[in-house]
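Now for the letters of each chain:
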Amino acid sequence: MRLHRLTVTAFGPFAGSETVDFDALAAGGLFLLRGPTGAGKSSVLDAVCFALYGETPGARRAVRLRSDHADPTRLTEVRLELTLGGRRLQITRLPEQRRPKKVGSGTTVERAQTLLREWVADSGDGSPGWRGISKSHQEVGEEVLRLIGMNREQFCQVVLLPQGDFARFLKADSEERGKLLRRLFDTERYRLVEDWLAEQRRAQEAAVQAGRRRLRDLASKAEQAAGPAAEPAEGWVPAEDASAGLTAGVLGWAAVLRSGAAEQLAVAEAALAGAEAAQGTAQRHREAAEELAGRQRRHREALERAERLAAFEPEAARDRQRLAAAHEALGVESALRLREGAAEALRRARTAEQRHREALAAAPGGEGRGLHGAGAAELAETELRLRAEVVRLETARAEERKCAELAREQRSLTADRASAEALAEEAEDWLAEFEGELNRLEEEHSRALAATARVEQLDLQRAELTTRLAAARERDGLRAEIATAEPRVAGLRAAALDAREHSLDLRDRRLAGMAAELAEQLRSGEACRVCGSPAHPAPAEAAPGGRVGAEDEERARRAQAVAEQAWTEADQALTALRVREATAAGAAGPDSADASARALAELEREHREARHTAEGLGRVEQEIARLSRDRARRGDELHEAKERAAVLTDRLLKLGTEQEALTARVAAARGEAASVADRAAALTRLTEQVAAAAAAARAHTEAAARLDEAEGELGRTATAAGFPDAGAALAVLLPREERERLEARLERHRTETAAVRRELDLPELAEAAARPPVDLPAAAAALRAATDRLGRAHAAEAAARERCGALAAIGRQLAGLAAELAPALDRYGRINRLAMLTAGTSAENRLRMRLESYVLAARLEQVAAAASDRLVRMSGGRYTLVHSDDRGTGAKRSGLALRVVDAWTGTERDTSTLSGGESFFASLSLALGLADVVTDEAGGMPLDTLFIDEGFGTLDEQSLEEVMDVLDGLRERDRAVGIVSHVADLRSRVPAQLLVRKGRRGSTLALAGREDA
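Residues numbered from 1 in each chain as written. Predicted model: local features only at pLDDT ≥ 70, side-chain atom pairs only at ≥ 80, totals over all residues. Heavy atoms only, no water.

### A short note on the overall build of the chain
- The secondary structure content of the chain amounts to 23 helices and 17 strands.
- The buried share of the chain, taken over its 1013 residues, is 38%.
- Relative to all contacts within the chain whose residues are 6 or more apart in sequence, the contacts with residues 24 or more apart total 74%.
- Working note: accessible area of the chain is about 56,300 Å², and carbon and sulfur atoms make up 52% of it. (Helix = DSSP H or I, 4+ residues; strand = E, 2+ residues; numbered from the N terminus. Buried < 20%, exposed > 50% of the residue type's maximum accessible area, 1.4 Å probe, protein only. Contact = heavy atoms within 4.5 Å. Areas by Shrake-Rupley, 256 points an atom, 1.4 Å probe, with all protein chains shown as cover.)

### Some thoughts on unusual backbone geometry
- The phi torsion at A10 lies on the positive side, around 55 degrees, for a residue other than glycine.
- In this fold, A10 is placed in strand β1 (residues 2–11).
- Judged by relative accessible area, A10 falls into the buried class, the value being 0%.

### Describing the sheet that holds strand β11 (residues 879–884)
- Pairing is antiparallel across the open sheet formed by three strands, whose spatial order is β11-β12-β13. Edge positions in the open sheet fall to β11 and β13 (907–910), since each of these has one partner strand only. On average, adjacent strands in this sheet sit at an angle of 40 degrees to one another, irrespective of strand direction.
- Sheet analysis places β11 next to strand β12 (residues 897–902), joined by six bridges and oriented antiparallel. (Pairing = 2+ DSSP bridges. Axes fitted to C-alpha atoms, helices over the stretch in contact; angles between N-to-C directions.)

### Looking at helix α12 (residues 550–588)
- In this model, α12 (39 residues) spans 56 Å end to end at C-alpha, consistent with the 57 Å of a helix rising 1.5 Å per residue.
- Listing the buried residues of α12 in full gives E553, A556, Q560, A563, A570, L574, L577, E581, A584 and A588.
- At the exit of α12 stands G589, carrying a positive phi of roughly 80 degrees. (Expected span 1.5 Å × (residues − 1).)

### Description of the environment of Q993
- With respect to the element layout, Q993 can be found in strand β16 (residues 992–997).
- Assessed through its relative accessible area of 1%, Q993 is described here as buried.
- When the C-alpha atoms of Q993 and I979 are compared, they prove to be 9.2 Å apart, with 14 residues separating the residues in sequence.
- There is a polar contact of 2.5 Å between the side chain of Q993 and the side chain of R34. (Polar contact = N/O pair within 3.5 Å; in protein donor to acceptor, adjacent residues only side chain to side chain.)

### Quick word on the pairing of strand β7 (residues 107–110)
- Bridge analysis of strand β6 (residues 97–100) against β7 gives four bridges, and the strand direction is antiparallel. Following the sheet pairing, Q97 is matched in β7 by E110.
- Here β6 folds back onto β7 in antiparallel fashion, the turn holding six residues, of which G104 has a positive phi close to 85 degrees.

### Here's the deal with the sheet that holds strand β9 (residues 129–134)
- If you walk across this open sheet you meet the six strands as β2-β1-β4-β5-β8-β9, and the pairing is antiparallel. In this open sheet, the two edge strands, each paired with only one partner strand, are β2 (14–21) and β9. Ignoring which end each strand starts from, the neighbouring axes of this sheet average 20 degrees apart.
- One ladder, built from seven bridges, connects strand β4 (residues 77–84) with strand β5 (residues 87–94); its direction is antiparallel. If you follow L82 over to β5, its bridge partner there is L89.

### A word on the side chain of E110
- Position of E110 relative to the elements: it lies in strand β7.
- At 2.5 Å, the side chain of E110 forms a polar contact with the side chain of R99.
- Once residues within four sequence positions are removed from consideration, E110 is found in contact with L75, P95, E96, Q97 and R99.

### What about the nonpolar core?
- In terms of nonpolar packing, the biggest core is built from 43 residues, with L6, F31, L52 and L82 touching the most fellow members.
- Ranked by residue count, the leading element in this core is helix α2 (residues 41–53), at nine residues.
- The contacts of L82, once residues within four sequence positions are left out, are M1, R2, L3, H4, L52, R87, R88, L89 and I91.
- L181, A864, L871 and Y879 belong to the second-largest nonpolar core, a separate cluster that totals 19 residues. (Core = buried A, V, L, I, M, F, W, Y, C linked by side-chain atoms within 4.5 Å.)

### Considering the packing of aromatic side chains
- Overall, the coordinates contain three aromatic pairs when judged by the stated rule.
- Pairing W119 with W130 gives two aromatic rings, centres 5.3 Å apart and planes at 80 degrees, and the pair type is edge-to-face. Residue W119 is located in strand β8 (residues 113–120), and its partner W130 is located in strand β9; the two are separated by eleven residues in the primary sequence. (Phe/Tyr/Trp six-rings, centres within 6.5 Å; stacked < 30°, edge-to-face > 60°.)

### Examining the pairing of strand β15 (residues 976–980)
- Most of β15 is tucked away: five of the five residues are buried.
- One ladder, built from four bridges, connects strand β3 (residues 30–34) with β15; its direction is parallel. Opposite F31, over in β15, you have G978 as the bridge partner.

### Remarks on a negative patch on the surface
- A cluster of like negative charges, contributed by D498, E501, D505 and D508, occupies part of the molecular surface.
- The topology assignment puts D505 in helix α10 (residues 376–512).
- Taking relative accessible area as the criterion, D505 reaches 37% and is therefore assigned partly exposed. (Patch = residues over 30% accessible without salt bridge, like charges linked within 9 Å, V, L, I, M, F, W, Y side chains within 5 Å. Salt bridge = Lys/Arg side-chain N within 4 Å of Asp/Glu carboxyl O. Lys, Arg positive; Asp, Glu negative; His and termini not counted. Charge placed at Lys NZ, Arg CZ, Asp CG, Glu CD.)

Okay, here's the thing in structure tokens:
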């Protein structure tokens, strides 16, 4: 993969359109990305990642893509040209963003867009050019992933080498290293194997435990079924941890239980047969006794009923005589009922006539008093005359209703005319006030527009003043720090000079006393190492003040180095403070922090006032628009109200003329009544009363005639029935209910008498009556005792049979369970061993290493080997990285430990003991080695462009030289390596540079060389 050109528009800190020509930048193989903090160096790498994967790196995914400095009409866009798998591709991505609407005001959402194009020799018109491949987010993502062979996390870890992550990886424990390695290497299948084996182990263990529980349940059921007399299950059922012979003892114990149950069943069956025979005998004896007692009871009851019937015979004879006389008088009953009905009808007719005549006399107006004594014919004629008058009043009633409707319409029209006149007057008053209100709103609109422009100016001034205030406060703080640091630096300088002078003095004293030091080593008879003579006539003596040895000189030299180092570091820190103070002073200007704060507070107050005024712009514009709409509406209302008032006035004049004519005709028809309707209602009520009185008079005459006819018919019927008169017939006549009661009682007496005679004539009853009384309680007691015995025998036999059946079923279940558990136990043993081995919990796995960790350890060995190739060169042959299988402390697993081998001491030690610079080039070696291994894992796709982000500031000059040699080695393999750093020495070492400048309106990109540093 090689990058060629990157173009970003309105992306991150870049407000405009910026282009990076990687071909020109990486022509020498090594280039530098530099710029001040916050300028956007990392945003260039974010844009590369976003173009490829549609997302920024994981640690910066929350960063907003769209530039806050960009013009609202300019869309955020990233375009990247690169070569992948020998194909020249161009990827263009636009994230989802808001933009101003093309029509109207406000904003709308612009959907995310992705375009993948390829440079081809024939773009369709015979010439080379770009040919579109896909506009689908998913298709483009799949194609990029296929060509690169790495997902986003792997790409960000391998191509955009984050040194801080690898420094943490270098000093992390096995668990933290495993998290990164799992993301980079596809070890998911090994973890799935572990999970599958663990799941199988749990399933098999559950099956075995279920078998054990079923075995115990069956033993409990067998013990319960066998009863309290059976041998207990304790000692026959295996313990929970038993894994073999689970059912052997239980099967024998169950066979013993079944044998005992069979013997108990045979005894119970014999007892049941004897109880059934005894119960049958007692049942037959009880049935014979009950039959004899029943016959004796029937004979006694028959004798008692015969005596009772003989005593009732005289009363029955009298009832038969009354019933015969009543039957002879039945012919007179219908005539009597007819006479009684006619008399009742005459009474009701007389009462009704009297009521109607009294109501007619009491009618309002006195019109019915003259008709109180009138006959039926006169009343009928009066009814016809009144009905004709009611018909004539119907026309007058219609005119009266129309007159009332005209009055209501007049009142409604009058109210409508008043409303229209009021509406016209209100519209005229509103239009008179319109001009003044419009002028006031226009003045307020002008003030709001001016305030809006003022807010924009104040925003710029406030941002500038805020920056100056922050710089002034930083300048004042730095000046205080400088004032504190200067005496300390002066003291450290004096201490360093004193230490140097002391060291030089000791060196001079040692050189001066070197002869005495050699003389101390002379021995009599031994040759001198200087002249070779065995005689030592005058050895030199030490100078006054004592002898200075090599240890004293070395201690003074180390003290001098420590003092000079402290002085150098303090002086560098003071210089950095002075540089920062000068920068802050330039940004703050001549004003003090307090003056800038007061100016900012005043500016804030003006800004709030202007913003408050500007916020009313929209409201004022809405009020002006509303006022214009109200003016048009009020004009229309005034015109419509005047026209409606004129139409209503004309209609009222016509209605008045028509109502005067109708009122005269209605008054003539109404007479003295309140209305024509009241007059018609009164005549209608009088007509109905006259008609009712006439009908009642006719009904009275007809009822009297029918009563006379019923009296004659009653006399004739009594004579025909043989009675001297109607009174004699009525004396013996009985009601129908009484006759039916007598007939039913006589029939019951006759029927019972015949039945008793038949009962007494039966020979079996007479024979039973001659025998002595039966003792039924004794027979019943004997039957109950036999039945109880039979019930107990049945229960014992059923319990014994059920016990045998239950034990037989349990025996079959035990046999099946024994056959089922054998293979389950075998499977559980194998699965359990494999699961514990892959999980690192088995005693056979002495390193307690999981399967996935074992695979990752192999990958880590490859990474350590690849990293050591570069680390040896960076460290001058001193350090190499090795993978270690040592177990972690406590309960931590082993397999992912890293150790560093120090060739100078020949020892291994933990990577956390490396210094800052050593940690940097160790982590850089890890990053480069991991890039090689991941590339090979992804299919060997060459990575021709790499980026290294920071970390060079921790290196001394020698270490930096060695790191640059390694990076030059990467360049020799036709790789382009980009370094993101603030280190000043790199500006002179790396000729090709991409400079990122920041400003108030966004950042910009520019190519720069060493001469621009």
